[in-house]
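Reading the structure
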Amino acid sequence: MTANFPPPSIDPAELPGRMRAQGDAVLAASGLVELTGCDPAALDALKPSWDDLPHDEYLKDGGRYRRRRHSCFVFENGELAQAPHRAHWQSLDYNALHGGMHRWFEPIDPAVVASPAWTQLLSGLARTCTGLRPVRRWCIEAHQFRIDTSDGLGRPTPEGAHRDGVDFVAVVLVGREGIKGGETRVFEAAGPWGQRFTLAEPWSMLLLDDARVIHETTPIQPLGEYGHRDTLVLTFRENAFQGDD
């Protein structure tokens, strides 16, 4: 048996205080909808795009368990705009396994990007980040992930517990099917505090202050022949994308 610890979900009104107090906050799907103004049915209409993610060809462990797409956006003056397609880059300081490489992933489907729900989601979270830290221009990287059990074991964070080298990280669970594991763990970067829980509800979200906490997700295993875990990871960085400065 695998123990599942329920996520410590809060009301959206409590989010600023929780972020100031401990550097992370969890919202149930209803909280994310309230925070961003998204229509739940419109969010669900995005789910099929996770069935069409190419394999991640950069995994240094040789695995075939991760599929992904990646696109970049800028939120400035209250408006969201897609940035020219670019490589995803992190320094070795933040990703000892895959840092230092320019990783080119296929872009997110234009139909997804054109969806009003997509714009509302990213814009709503950018405004939330601005409320936490006043910033004129947010550079946003969006990653669609599917971690599956085609190798018998899927690793959502093969680099281990880490920071991302940005200001804020939003991890949105899109769905999980036929798996056990996938426990989220958050640790204070400069202290003893930590917590563990399992995101299970589609469109529930973990928001992280990347300077204050590190995070990881434990491996997944199939309950039957095959299973997968889908997430949308959004990173928010002030003024520049990683690698630009």
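For the structure, check the block above.
Nothing here was measured: the structure is a model prediction, and the numbers come from that model. (Residues numbered from 1 in each chain as written. Predicted model: local features only at pLDDT ≥ 70, side-chain atom pairs only at ≥ 80, totals over all residues. Heavy atoms only, no water.)

1. Some remarks on empty space enclosed by the protein
Under the definition given, this model contains one cavity of 30 Å³ or more. Forming the boundary of the largest cavity are 28 residues, of which Phe145, Pro156, Thr157, His162 and Val233 lie nearest the centre. At the level of secondary structure, the elements contributing two or more residues to the lining of the largest cavity comprise strand S2 (66-76), strand S4 (137-148), strand S5 (168-177), strand S10 (213-217) and strand S12 (228-238). (1 Å grid on protein atoms, 1.4 Å probe; cavity = no way out; pocket = protein on both sides within 12 Å on 5 of 7 lines; lining within 4 Å. Points joined across faces, edges and corners; volume = space filled by probe spheres on them. Helix = DSSP H or I, 4+ residues; strand = E, 2+ residues; numbered from the N terminus.)

2. Brief notes about the packing of helix H2 (residues 29-36) against helix H5 (residues 116-132)
Interaxial distance between H2 and H5 falls to 8 Å at its minimum, and their mutual angle equals 80°. Here H2 lies roughly perpendicular to H5, going by the angle between them. Note on element contacts: H5 touches H2 through Gln120, Leu121, Gly124, Leu125 and Thr128, opposite Leu32, Leu35 and Thr36. (Axes fitted to C-alpha atoms, helices over the stretch in contact; angles between N-to-C directions. Parallel < 35°, antiparallel > 145°, perpendicular 65-115°, else oblique. Contact = heavy atoms within 4.5 Å.)

3. Examining the sheet that holds strand S7 (residues 184-188)
Pairing between the strands of a sheet is mediated by backbone hydrogen bonds and can be parallel or antiparallel. Spatial ordering of the open sheet is given by S8-S7-S10, a layout of three strands whose pairing is antiparallel. The open sheet has two edge strands with one neighbour each: strand S8 (194-197) and S10. Taking the axes of each pair of neighbouring strands and ignoring which way they run, one obtains an average angle of 15° across the sheet. Note that S7 and S10 share five bridges and pair antiparallel. Pairing of Arg185 across the sheet is with Glu216, part of S10. (Pairing = 2+ DSSP bridges.)

4. Quick notes on the pairing of S5
Of all the 10 residues making up S5, nine are buried; the element is thus mostly covered by neighbouring parts of the structure. Looking at chain direction, S5 and strand S9 (residues 205-209) are connected through five bridges and run antiparallel. Following the sheet pairing, Ala170 is matched in S9 by Leu207. Where S5 lies against S12, nine bridges are found, and the strand directions are antiparallel. Pairing of Val169 across the sheet is with Thr235, part of S12. (Buried < 20%, exposed > 50% of the residue type's maximum accessible area, 1.4 Å probe, protein only.)

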